[in-house]
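Survey of secondary and tertiary structure
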Amino acid sequence: MIPVEDSTGLVNVLAKVLGQLVGQNDSTRLNRKDLTIFHAQRPPTISIQSYLERIVKYAPCSPECYILALIYIDRIIQQNPQFQLNSLNAHRLILTSVLVASKFYDDTFYNNSYYSRVGGITSSELNALELEFLFLINFNLSVSNSTFSTYQEELRRHVTSISKDKVTAPPSQQPGCLPFSSSSHMPQAAIVQQ
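The present account deals with the structure reproduced in this document. The structure displayed is predicted, hence computed values, not measured ones.

Let us now look at the pattern of salt bridges. Scanning the entire structure with this criterion turns up 6 salt bridges. The salt bridge involving Asp 34 is made with Lys 33; its shortest N-O contact spans 3.6 Å. The partner of Lys 103 in a salt bridge is Glu 130, and the shortest N-O contact between them spans 2.9 Å. Highlighted residues: Lys 103 in helix α4 (residues 90-105) and Glu 130 in helix α6 (residues 123-136), separated in sequence by 27 residues.

Below, the structure written as structure tokens:
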């Protein structure tokens, strides 16, 4: 497993996994009706990797929060088939998912105003993003131990493949989903325990 103390390793693999999905979805034509509050007018100039590193540097949270953030993003994608992670919405979705995960998991966390400054958006925009995020995920923030472990193990496998300079998604990957998504990994209403 990825040592959960290693935020840097998590950031690297998350950036790769999310970057792959964004690259795949960017080739799909976006319909106007599919635009959400998360969509920017144009892609940010900062890479997903650099954006995640910025969040880790200026608004650190428990490493488990980054895994939870990934699970939440995956839930949104699975529960909202019209929602595709792409270069127009990835940064705002990442910021919001880390914020929500931190509030849910950590005993102490930064407020929305601080996160908005770190993420380069206004406080009112982040407040609206957080509310929309919670509705998209049906306010379901609990994650079973088995789901958490599954995602952590898959991220560990990606770390191994990254270190070998070949990142490949399993052939069973559904278009628009994270490489290790499946309905069997859906939450079972239990809180993550250490």
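What follows picks up the thread again.
Enumeration over the complete set of coordinates arrives at 5 aromatic pairs. Each ring, one from Phe 38 and one from Phe 83, has its centre 6.2 Å from the other, and the planes form 85°; the classification is edge-to-face. Of this pair, Phe 38 sits in the loop between α1 (7-26) and α2 (48-58) while Phe 83 sits in the loop between α3 (63-79) and α4, and the two are 45 residues apart along the sequence. Here Tyr 110 and Tyr 114 contribute two aromatic rings whose centre-to-centre distance is 4.4 Å and whose plane-to-plane angle is 20°, an arrangement assigned as stacked. Looking at Tyr 110, the relative accessible area reads 33%, which means it is partly exposed. You can call Tyr 114 partly exposed: its relative accessible area is 24%. In this structure an aromatic cluster arises from ring pairing among Tyr 110, Tyr 114 and Tyr 115.

Cut-off values and rules
- Residues numbered from 1 in each chain as written.
- Predicted model: local features only at pLDDT ≥ 70, side-chain atom pairs only at ≥ 80, totals over all residues.
- Heavy atoms only, no water.
- Salt bridge = Lys/Arg side-chain N within 4 Å of Asp/Glu carboxyl O.
- Helix = DSSP H or I, 4+ residues; strand = E, 2+ residues; numbered from the N terminus.
- Phe/Tyr/Trp six-rings, centres within 6.5 Å; stacked < 30°, edge-to-face > 60°.
- Buried < 20%, exposed > 50% of the residue type's maximum accessible area, 1.4 Å probe, protein only.

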